[in-house]
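Analysis of the macromolecular model
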Amino acid sequence: MNIKQRIIGLLSEFEKGKYSNILLNEYFSKNNLSKGERGFITEVFYGVIRNDIYLNYQLEKRTKAIKKNWIKNLLKISIYQATFMNSDDKGIAWEATELTKNKFGIPVSKFVNGVIRSYLRDKEDEIKKLKDEDKLDILYSYPRWFYEKIKKEYGDSTEQVLISLKKVPYMSIRVNTLKYSEKEFETLLKELKIDIIKKVDTIYYVDSGVILHTPEFKDGKIIAQDGSSYLAAKILNPLPGEKVVDTCSAPGSKTAVLGELMNNTGEIFALDIHQHKIKIIEENLHKLGLSNVKPIKLDARKLKEQGQKFDKILVDAPCSGYGVLRKKPEALYNKNMNNVHELSTLQYEILDSAAFSLKVGGELVYSTCTIFSEENTDNIIKFLNNHKNFSVLKFDLPQNVNGHFDSIGGFLIDYTEEILDNFYIIKLRKDFE
């Protein structure tokens, strides 16, 4: 099957409501493809989803309603390649024309050829015009409200932020040190001819998702996890024998980091509000060999009602997810600022409950995978104003992690970081009751 026909099929499945990352992983597990084929499919599949506003804008200028989704997706793929990839324009038009001719005949292929060639003639002028008219929201495919929000928060860096959030993500894998070693993992990568793009402690960014289909992954020796998520848990620094709670723990990857740091001793309560997610946590932690975790179905806002006190608390709060758009581009289209405000309220309520449940001298890490101040800095300023018994603690990060500290001591892994997810992390201590 032609590789573009494969992508068209994947886009069709995505349009039916399937999550992009799950859909692609399942497809690769069922189809024996080369490294180059997987890389091309990943870039184009995600690229079309990421740039949907721009692609639709260009199609609407050149066509009436396209009834066949197959044709529409082929045109989107072709325009995406011509705009965002280092591709041969003539080759793009020729291949799309031939694929259409074989499927629908010559008349339809002429239509496809005409649309693509029209775009290729106008491409440079179209891009310049969008920039000149302050329509970067269309050029980089963002809802207008999101674009205006980024401009307000990031000013002169707006275009860099917009470009950064559209970058193609790399697969990230963490070594489970309870079962495996970094040396063993690096040997496995060499055997599989997988290259390391970046390394952050025990997190490896690699150029192939094949690693997810190895016995080592199935046996829990390695786990899929981003470096930002890992750092949020590591910065909490729970010690062996301590009593810890992870307030919003599913699917359990950060909980697993806590368990490893504690050498599988002490006690970790892993909370989630959904019973089916508790089962996922149990399965994942069992696979990883952790026995010091107790998954509990509980709304984290009600933690203070349980009457227990903890040495350390991780609040990786539910958020808008705008820091992980590289991996979940569809998140752009299903939330708005009303959702952001609702989530910031929820985050504060969880944080407030956790504060009550922390021992004096205990430490708490608050983190989100988003980039907006309402869910990050503003929330913590509000918290500190209402909880004078808490102070901000300094913490160190690996030198190869880019970002900036905010005015109160929280760190945002931001648009300057090419590889890791955008993430906000701050560490607090309860100084007195």
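Residues numbered from 1 in each chain as written. Predicted model: local features only at pLDDT ≥ 70, side-chain atom pairs only at ≥ 80, totals over all residues. Heavy atoms only, no water.

1. Examining the pairing of strand β7 (residues 293-297)
- For strand β6 (residues 267-272) and β7, the ladder comprises five bridges, and the chain directions are parallel. Of the residues in β7, the one forming a bridge with aspartate 272 is lysine 297. (Pairing = 2+ DSSP bridges. Helix = DSSP H or I, 4+ residues; strand = E, 2+ residues; numbered from the N terminus.)

2. Thoughts on the UniProt feature "domain: SAM-dependent MTase RsmB/NOP-type" (unreviewed entry) in the protein chain
- The residues that UniProt annotates with the feature "domain: SAM-dependent MTase RsmB/NOP-type" (unreviewed entry) are residues 161-431.
- Structurally, residues 161-431 comprises 30% helix and 25% strand, and the distance from its first C-alpha atom to its last is 37 Å. (UniProt positions renumbered as here; feature names shortened; annotations may be inferred.)

3. Some remarks on the state of the cysteines
- Under the defined criterion, the tally for this structure stands at zero disulfides.
- The thiol sulfur of cysteine 319 is not disulfide-bonded, and the nearest other cysteine sulfur, from cysteine 369, lies at 3.3 Å.
- The exposure class assigned to cysteine 319 is buried, which follows from its relative accessible area of 16%. (Disulfide = S-S within 2.5 Å. Buried < 20%, exposed > 50% of the residue type's maximum accessible area, 1.4 Å probe, protein only.)

4. Structural notes on the environment of valine 200
- In this fold, valine 200 is placed in strand β2 (residues 196-200).
- Separated by 28 residues in sequence, valine 200 and serine 228 place their C-alpha atoms 9.3 Å apart.
- Apart from the residues within four sequence positions on either side, valine 200 is in contact with Tyr230, Leu231, Pro398, Asn400, Val401 and Leu420. (Contact = heavy atoms within 4.5 Å.)

5. Regarding unusual backbone geometry
- Of note, the amide linkage connecting alanine 250 to proline 251 takes the cis form, showing an omega dihedral of 5°.
- Here proline 251 is to be found in the loop between β5 (243-246) and α14 (253-261).
- The phi angle at aspartate 201 is positive, at roughly 55°, despite the residue not being glycine.
- Within the secondary structure, aspartate 201 is located in the loop between β2 and β3 (203-206).

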